Amino acid sequence: MSKLVAFAAIQGGYNVVEEVEGELKKALETYNADTKVEFPNTGYYLPVIYSLLGHKVETLEDLQEPLAFARGLLPAQIKRVNHLPYLGPLLDAGMAALFAYEIKEGIRAVTDPDFYYPSQEDPDVEAGKLWLGPADDVILRKRGVEFVDGTAPGFAAIVGAAPNPEIAKMIVEDYQLKNLYIFCAAGHKGTSVIEQLLEAGVQIGWGTRIVPFGPDISSAIFALGFANRAAMTFGAVEPGDYKKILAYNKNRIFAFVNALGHVGTHWACAAAGCVNWGFPTLADTDIPEILPTGICTYEHVVANVPHDEICQRSVEVRGLKVHVTEIDIPLAFGPAFEGERVRGKDLYAQCGGGKTQCTELCKKAEMKEIEDGKVEIIGPDVTDLKEGDTFPLGVYIQVAGREFQDDFEPILERQIHHLINYIQGIMHIGQRDISWIRISKSAMEKGFTLKDIGVVLHAKFHQDFENILDKVQVTLYTKQKDVDALTKRARGEYKHRDERVENMTDEGEEIYYSCTLCQSFAPNHVCTVSPERTGLCGAYNWMDCKASYEINPTGPNQPIEKGECLDPVLGQWKGINDFVYKASRGNITHYNFYSIVHDPMTTCGCCECIAAMLPSCNGIMTVGRDYMGETPCGMKFTTLAGVMGGGASSPGFVGHSKYNIIQRKFISGDGGLLRMVWMPKILKEELKERLEKRGEELGYPNLYDMIADETVGTTEEEILPFLEKVGHPALSMDPLIG
Ligand code: SF4
Ligand code: ZN
């Protein structure tokens, strides 16, 4: 190992500790000693200090102790004659610097509270809010779990800037392809990787896994704070148990540092500090290397790595095995692109979303009927469109296999959502006949065609469901008449699937099923699916969950013994509560199946409909995804989904499927379907026959005509006279809130 790098790192440790001592002294002269020091919305204080030392920093004064501790860690300066192995003192100096960096950021939270754009997933570039600072606990739970379940193997911490934006983009895209998070801090020569990526048109934010922590090297501490909080949250390591925290990171979190640009003393000490975590540093410049292995899996510091090799080398040095599945499309593919959005100015063309029809259907076929891997486009492709065009789309998947049952169709169909989202530059929302696909300009530039959707579905279905299927054929319809025909047929199929649970009752089953498929978007969200309450996306009913569990016993649908009934009216069971508590990682303690007023079930962004209370009408309304207009609760569907979609249980609102409206237990704890005073016309008409049937069962054969829609009004004041005129039953029911 080189004496020189050891010198730079130890010198750096001294410099940083000294600087921060000065800053703290000044802050204590300016502010009261009991001024609060906190990172936004976290229960982990300053997390590196808290996790390693067990010390809770809450005020400016509290910073003194860890800073004194950092000072004490600084080793004696290396002398020429010293031939001791340098690693020990080097690691201590690095650690001292990192504690000091976290204290520096703590002081900043007091002296410059608006420096970062906290608790946000994406920066607001136009407003100049580029740097997000430390992730709060909501983001930690949502994203950290991916490090645990393997959807993200780890992160690349990049400091500095590449020689130009193209190189920055190339490096980062390599990491995205390997599903790593990219945590960015500091700059070099007046720019930073983040600014370069923006210049190259790359979307940054937690959603694309490119996180702009901060412009200074001290903000690199947020990456380590994130890793240590993951160890405490998901690894149940106690704060203060520094050995376990560091070992957890070394063994479980595949992370490393890429230093782009000149490595001075301030970077060198941070790099040395990271070795304590087992995170090596790879640099693009000629810095002295630390090659012998010891703490890191392989080398500690590697210099002079060419830019087109830095990704591959980093992954090797950190000992990370990545399974990249080659899927033959011109775009990058993987979970890293799932959260990416296609916004207005990036949009090339779209289908569905209320503008055109977009329908998805998966059906079983006979083995000899279909050809494996065949993807056919019937009608014009996106390459025949102009920018800004819309087009109708029918996605028809046929699957054959000796073990394949009809019951599996909806499970495969539900995969379309995340698989299309995995394609870089393509966004998918919804399911069944309310899907919505947005195609970006950059995807078109790279050569995207509709065929790629078929290629992805074929490849991934084989990969993920090899035990139940042998052949997959995909047909994509883009002519209106074909899409209409497929939609008509699909609606018949959906209805048939829904009806399989029609004669079942909640009382008649002891086992309900969980669904946590949506936790990648809504981390606390857990659907519980009972015979009389289908999943809020409409795509999974009780039968579907049962089939999904058969296919994949460790998958997102688990049987739950409902256990003791705690409230038969609102629909609450002990076994369900216990399960939900665990599956939401302690965030949801209980919920009711049959109520919108009292602790309703959680809601995620894929719900088909959202119901809301209308207090002046003593009733409720509901609105589906395909209705764009105003509603009497004062919010459009998109606004409601934005407020509700993160997995919250919000009294007064609840997400549900279309089919659930006509299930017998629909908000039965609050009076049931007779409370329904407003629905958009399109939804009412779709359910007409079944609403009439339910009305009859409830003793109101003309209930259908009593429910107001937008032709009557879109405010409570507008619809109330109508409800009075028709004698709507809600008006004479017990008060909704009482
Ligand atoms: Fe599962 Fe609920 Fe998501 Fe549907 S909405 S996929 S039932 S978690
Ligand atoms: Zn969802």
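Residues numbered from 1 in each chain as written. Chains lettered and ligands numbered in written order. Predicted model: local features only at pLDDT ≥ 70, side-chain atom pairs only at ≥ 80, totals over all residues. Heavy atoms only, no water.

(A) Main features of the overall build of the chain. Each helix and strand in the chain was counted, giving 23 helices and 22 strands. For 738 residues, the compact-globule formula gives about 27 Å, and the C-alpha radius of gyration of the chain, at 28 Å, lands near that figure. The principal-axis extent of the C-alpha atoms belonging to the chain is close to 95 × 60 × 45 Å. Within the chain, buried positions represent 58% of all 738 residues. Considering only intrachain contacts with a sequence separation of at least 6, the fraction spanning at least 24 residues in the chain is 74%. In the form shown here, the chain has an accessible surface area of approximately 28500 Å², with 51% of it arising from carbon and sulfur atoms. (Helix = DSSP H or I, 4+ residues; strand = E, 2+ residues; numbered from the N terminus. Rg over C-alpha atoms; globule rule 2.2 N^0.38 Å. Buried < 20%, exposed > 50% of the residue type's maximum accessible area, 1.4 Å probe, protein only. Contact = heavy atoms within 4.5 Å. Areas by Shrake-Rupley, 256 points an atom, 1.4 Å probe, with all protein chains shown as cover.)

(B) Structural view of the packing of aromatic side chains. Evaluated as defined, the whole model comprises 31 aromatic pairs. When the centroid spacing of 5.6 Å and the interplanar angle of 80° are considered together, the rings of F183 and F226 count as edge-to-face. Highlighted residues: F183 in strand β2 (residues 181-185) and F226 in helix α8 (residues 221-234), separated in sequence by 43 residues. Classification of F183 by relative accessible area gives buried; the value is 2%. (Phe/Tyr/Trp six-rings, centres within 6.5 Å; stacked < 30°, edge-to-face > 60°.)

(C) Up close: the site of ligand 1. Around ligand 1 lies a shell formed by R414, C515, L517, C518, H525, C527, G535, L536, C537, Y540 and C604. Residue composition of the shell around ligand 1, by class: 8 nonpolar, 2 polar and 1 charged. (Near = heavy atom within 4 Å. Nonpolar A, V, L, I, M, F, W, Y, C, P; charged D, E, K, R; others polar.)

(D) Here's a closer look at helix α18 (residues 637-644). Regarding α18, the residues found buried are F637, L640, A641 and M644. The arc enclosing the buried residues of α18, seen along the axis, measures out at 100°, which places them on a common side. Projecting away from the buried face of α18 at angles above 90 degrees are the exposed residues T638, G642 and V643. Its buried side turned inward, α18 meets β19 (609-614), β20 (619-624) and β21 (653-656). (Arc of directions from axis to C-beta.)

(E) Region of interest: helix α14 (residues 451-464). The end-to-end C-alpha distance of α14, which contains 14 residues, comes to 20 Å, matching closely the 20 Å that a straight helix rising 1.5 Å per residue would cover. Looking at α14, one finds that the buried residues are D452, I453, G454, V455, V456, L457, H458, K460 and F461. Here the buried face of α14 lies against β9 (375-378), β10 (393-400), α12 (409-421), β12 (436-440) and β13 (471-477). (Expected span 1.5 Å × (residues − 1).)

(F) View of the domain arrangement of the chain. Examined at the domain level, the chain breaks down into domain 1 (3-318), domain 2 (346-497) and domain 3 (511-732). Each side of the interface is counted separately: domain 2 has 22 residues, and domain 3 has 22 residues. For the pair domain 2 and domain 3, the summed buried area comes to about 1800 Å², and 60% of that belongs to carbon and sulfur atoms. The largest per-residue losses of area from domain 2 upon contact with domain 3 belong to I411, R414 and I434, which jointly make up 31% of the total buried on that side. The interface formed by domain 2 and domain 3 holds 1 salt bridge in total. (Domains from an automatic or database assignment. Buried area = accessible area lost by both parts, 1.4 Å probe. Salt bridge = Lys/Arg side-chain N within 4 Å of Asp/Glu carboxyl O.)

(G) Structural view of the coordination of the zinc ion (ligand 2). The protein atoms donating to the zinc ion (ligand 2) are C518 (SG), C604 (SG) and C606 (SG), with metal-donor distances spanning 1.9 to 2.2 Å. Each donor residue of the zinc ion (ligand 2) lies on one chain, and together they are spaced C-x85-C-x1-C. Here C606 lies in the loop between α17 (574-583) and β19 and C518 lies in the loop between β14 (511-515) and β15 (527-529), a separation of 88 residues in the sequence. For C518, a relative accessible area of 12% puts it in the buried group. (Donors = N, O, S within 2.8 Å, 3.2 Å for Na, K, Ca; no water.)

(H) Local environment of the pattern of salt bridges. Going through the model one piece at a time under the given rule, you end up with 39 salt bridges. Salt-bridge contacts for D709 lead to K684; the nearest nitrogen and oxygen are separated by 3.7 Å. In this pair, D709 sits in the loop between α22 (703-706) and α23 (716-726) while K684 sits in helix α20 (residues 681-686), placing the two residues 25 residues apart along the sequence. Both residues of the pair, D709 and K684, count as buried.

(I) Local environment of the side chain of D136. Note that D136 resides in the loop between α4 (87-111) and α5 (137-149). R229 provides the closest opposite charge to the buried, salt-bridge-free D136, at an N-O distance of 5.9 Å. Within the local environment of D136, its side chain forms a polar contact with the side chain of S119, the two groups lying 2.9 Å apart. Discounting chain neighbours no more than four positions away, the residues touching D136 are P40, N41, S119 and R229. (Lys, Arg positive; Asp, Glu negative; His and termini not counted. Polar contact = N/O pair within 3.5 Å; in protein donor to acceptor, adjacent residues only side chain to side chain.)

(J) Focus on the confidence of the model for the chain. Predicted confidence across the chain gives a mean pLDDT of 91, with 96% of residues reaching 70 or more. Note that pLDDT drops below 50 for residues 80-84; the model gives that stretch 2 contacts with residues more than four away or on any other chain. (pLDDT = per-residue confidence, 0-100.)

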